Structures are given as structure tokens and as C-alpha cells.
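Understanding the architecture of this molecule
What follows is the residue order along each chain.
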Amino acid sequence: MATFAVVSTSLILIFMASGTPVPLYNTYRVTNGITDAGLAITTVTYLTTTALSLLLLGRLSDHIGRRPMAIGAVIAAIAGCLVLTQVETLPVLMTGRVLQGLACGVASAALGSYVIDTAPARPTWLAAVLTSVGPSTAIPVGALISGILAEHGPAPRTLVYLLLAAALTVCGVLLVVCAETMPRTPGAMASLRPRVHIPAGQARLVLAAGAGLVATWSLAGFYQAFAPALTADRLGTDNAIAIAAVFSSVVVLGPVGGSLTGRLRATTALRIGLIGFVIATAVILATLHARVIVPFLIVSVLASLCQGTVNTGGMRAVLDHATPIDRAGLLSTLYLISYGGAALPGLIAGSVTSVFDIDQIATGYGILVLTASLVAILALRRPPTPGMHPRQRD
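For the structure given in this document, a descriptive report is provided here.

A closer look at the state of the cysteines
If you walk through the whole model with that rule in mind, you get zero disulfides. Not part of a disulfide, C171 finds its nearest cysteine sulfur in C178, a span of 9.3 Å.

Below, the structure written as C-alpha cells:
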């Protein structure tokens, strides 16, 4: 249980650290002249680095052990925090975000598998909630803490980074003495070859879960990239706490949604969550076009409940029957889809900010959410792959 606590805390702190720059984006924009396009590209760079590290390093913990990879992720996160204390130009900001992306990618697979390996038997949904919505919720929590410290603490541009670097250092030390759950096995070098890992009989479930993750993570990526502009344009403020609140609104109750539907069959929870998320997204777009910020924030918070249901349901559907040797590869695949679903739309959105306004860009995201959700629902309706475990036919 002690190892579970340490690895879970490490996973959450790494993702909290990755959310801390967001409330400071407007400071960097105003003080250092970093443009909205530059901030959008920074977000895409972070997401792309995370996706690449998952693709290249995602299965390595199956061969050299969870602990060394977990420690490496913590070290990368600490380095990212320290670099971000020196932000004056876009390249420095991007360097810090690259390090954070590397940390998040390695943590998603290695620490995510470590959490599942060491999780208690009850409640059964705990590991799925921690690995599916824990990271996506930790990011806005880190943003909120960053926003509060930026507005009310000393050294607003550096304090949050230093505090998280210190906390991560403690986690790194504790990880050294944690029990290893995956013995060393041959094939470490071969595991570095880029490969999307989908065990036999899981393809349709991975498609359904992956499409659901594209829907939820793409919309969260929109909030992350455009929260400063939304806050300035719609709330008329550059307050860091307000920016963090807008950014976090769409994911903040994710763990609640995941736990509330934890007793439902995984595929049932996924279907319910997808329908709710599509409806919530439509209302979000309506409030955004109507320029009514309070209803926008309320519906965004409600959408976060559905987001948690989608992500946890999809993760449970895929991982419930995965063997330990498959866990890191499957988690890497799911997170690769997640980050790709956030990065690619963000790259396109960042490149058209001079042509389309935020309302039009948001509409494009809404179309993506609807399309991905339909793909997920249709995948769940198709007959299961021959040879699939009976419990996977839920």
C-alpha cells in the first residue's frame, strides 16, 4: 500500500507540474511578447513530445522495470520546472514544456502501470480512475495552484515551479526504496521500436475507448490553448486565477464522474458518458457564441463529469482483462491516442488563429467531438472480435 501511495502521488504531481505554466501564459504574452500562436504551438509541442515519448518509451518499463522509468519521469519533471523558472522567451518556454512532455509520456505508461500493479483490490475502479482521469484532472489542479500563487504569493513567475520541484524530489527519493513489480526481461532495445500495442481481441474496444479519448482530450486541449484569450476576451481580465478557472472547468470533476459510474459495466458507462459529453459540448458552443460566460463555465463543469465517465469507462473496458505484460503497452496506446487527439487539432487551431476567431475555432472542435463520439458508439455496437473474452462483450 505504501508503494501504491508513492507511485500514485508521483503520477499526480508530474501532471500537476505540467499544468502550472498555463495561468502564466498571459503574463508571458503581455510581459515577454509571446503571441497566442506561439502559446498554441507551445501546447502542441508539449503534447507532441508526450505522444512521441509514449510511442518510443512506452513499453520500456515492461523490460527494465517500473521503478527506473518512474524515477526518470520524476527527474524530467523536475528539470522542466527548473527551466520554466527562467522563461523570458518562447524557446525557453518550449524547452520547459518539452521536458514536461517527456515526463508525462514516460509517467503515463510506467507510473500508470505501476499504479495498476500496486492498487488495492477494493474499490475495483480506483486504479482506472487514477490512470484515466487522474492525470487530466491533476493538470488543472496544478493550474489553479499556480494561478493562486501568481496572484497572491511572492515570486509569481517562479514559486510554483520551485515548490513542485521540491515535492517531486521527495517522490524521487521515495521511489528509490519502493518495491519493483516488473522483473527485468529481455527485449528492452526491441521495445524502443515505435509500435502501437493492441492485444489480440481488443481492437474494437481500443477503437471505442480511443475515439472517446479523442473527443474528451481534444476539447480539453482547446481550453488549455485558448484559456488566456477566452478569459481576456469574455471576462475582461488577465487574472491568473480566472485563467486557471476557465482552463480547469472542463476537467475538474472528472474523478467524480469516473467514480460515480464505477459500478456500471465499463461499456455502459462509456456510452452514457459519450452521449452526455456531446450534449454538453453543444451547449458549451451555444453559450460561447452567445458570449455568456457564467453558463459557459457551469456547463463546462458538467461536461467534466461526462469526461470522467468516458475516460474511466474506456480505460476499464480495455484494461480489465489485460495481463501485466500488456499493461504498459496498452496504456501507451491509449495515452498516445489521447495526446494525439489533443495535439493535432491544437496544431491546426494554432495555425489558423489569424484567420478564424475563437468562436469559429470552437465550432471546429465541436464537430470533432461529435464525430469521435459517433465512432466510439458505433464501435461499441459492432459484434465483438472472435475469440474475445466473454466479459469483454459487455
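Details of the side chain of N311
Counting through the fold element by element, N311 comes out in helix 15 (residues 293–319). Ignoring sequence-local partners within four residues, the contact set of N311 consists of S132, V133, S136, L213, T216 and W217.

Some details on helix 6 (residues 90–118)
Residues lying three or four places apart along an α-helix face the same way, a consequence of the helix completing one turn every 3.6 residues. Taking 1.5 Å as the rise per residue, helix 6 with 29 residues should run 42 Å; its terminal C-alpha atoms sit 40 Å apart, in good agreement. Considering bend angle alone, the principal kink of helix 6 is centred on A107 and spans about 40°.

Observations regarding the nonpolar core
Soluble, globular proteins show a tendency: their nonpolar side chains are buried together. In this structure, I14, L168, F222 and Y339 are the most contacted members of the largest nonpolar core, which totals 117 residues. It is helix 11 (residues 203–235) that contributes the most residues to this core, 18 residues altogether. Those residues in contact with I14 that lie beyond four places of it in its chain are A73, V74, A77, A103, C104, A107, L111 and L168.

Details of helix 9 (residues 159–176)
With 18 residues, helix 9 ought to run about 26 Å at 1.5 Å a step, and its terminal C-alpha atoms sit 26 Å apart, in line with that. In this structure, the buried side of helix 9 is in contact with helix 1 (2–19), helix 2 (25–32), helix 5 (66–84), helix 6 and helix 8 (134–152).

A closer look at a nonpolar patch on the surface
Together, V170, L174, V176 and V177 give the surface a local cluster of nonpolar side chains, amounting to about 360 Å² of exposed area. Topologically, L174 is positioned in helix 9. By relative accessible area, which is 40% here, L174 ends up partly exposed.

Focus on the environment of S332
Inspection of the secondary structure assignment puts S332 in helix 16 (residues 324–351). Separated by 274 residues in sequence, S332 and G58 have C-alpha atoms that sit 5.2 Å apart. When residues no more than four places from it in sequence are discounted, the contact partners of S332 are L54, G58, R59 and A109.

Things to note about the environment of A203
Summarising the element assignment, A203 is placed in helix 11. Of the residues examined, A203 reaches a relative accessible area of 45% and is grouped as partly exposed. Along the chain, A203 and A379 lie 176 residues apart, while their C-alpha atoms are 9.8 Å from each other.

Considerations on the pattern of salt bridges
For the structure shown, the criterion picks out two salt bridges. Measuring nitrogen to oxygen at the nearest pair gives 2.7 Å for the salt bridge that ties D62 to R66. Note on D62: relative accessible area 3%, which makes it buried. Judged by relative accessible area, R66 falls into the buried class, the value being 0%. The residue R66 makes a salt bridge to D117 at a minimum N-O spacing of 2.8 Å. Here R66, found in helix 5, pairs with D117, found in helix 6; they are 51 residues apart in sequence, far enough to count as distant. Look at D117 and you get partly exposed, because its relative accessible area is 22%. It is possible to trace a salt-bridge network through shared partners that takes in D62, R66 and D117.

Rules used throughout
Residues numbered from 1 in each chain as written. Predicted model: local features only at pLDDT ≥ 70, side-chain atom pairs only at ≥ 80, totals over all residues. Heavy atoms only, no water. Disulfide = S-S within 2.5 Å. Helix = DSSP H or I, 4+ residues; strand = E, 2+ residues; numbered from the N terminus. Contact = heavy atoms within 4.5 Å. Expected span 1.5 Å × (residues − 1). Bend = angle between axes of the 7 residues up to and from the residue. Core = buried A, V, L, I, M, F, W, Y, C linked by side-chain atoms within 4.5 Å. Buried < 20%, exposed > 50% of the residue type's maximum accessible area, 1.4 Å probe, protein only. Patch = residues over 30% accessible without salt bridge, like charges linked within 9 Å, V, L, I, M, F, W, Y side chains within 5 Å. Areas by Shrake-Rupley, 256 points an atom, 1.4 Å probe, with all protein chains shown as cover. Salt bridge = Lys/Arg side-chain N within 4 Å of Asp/Glu carboxyl O.

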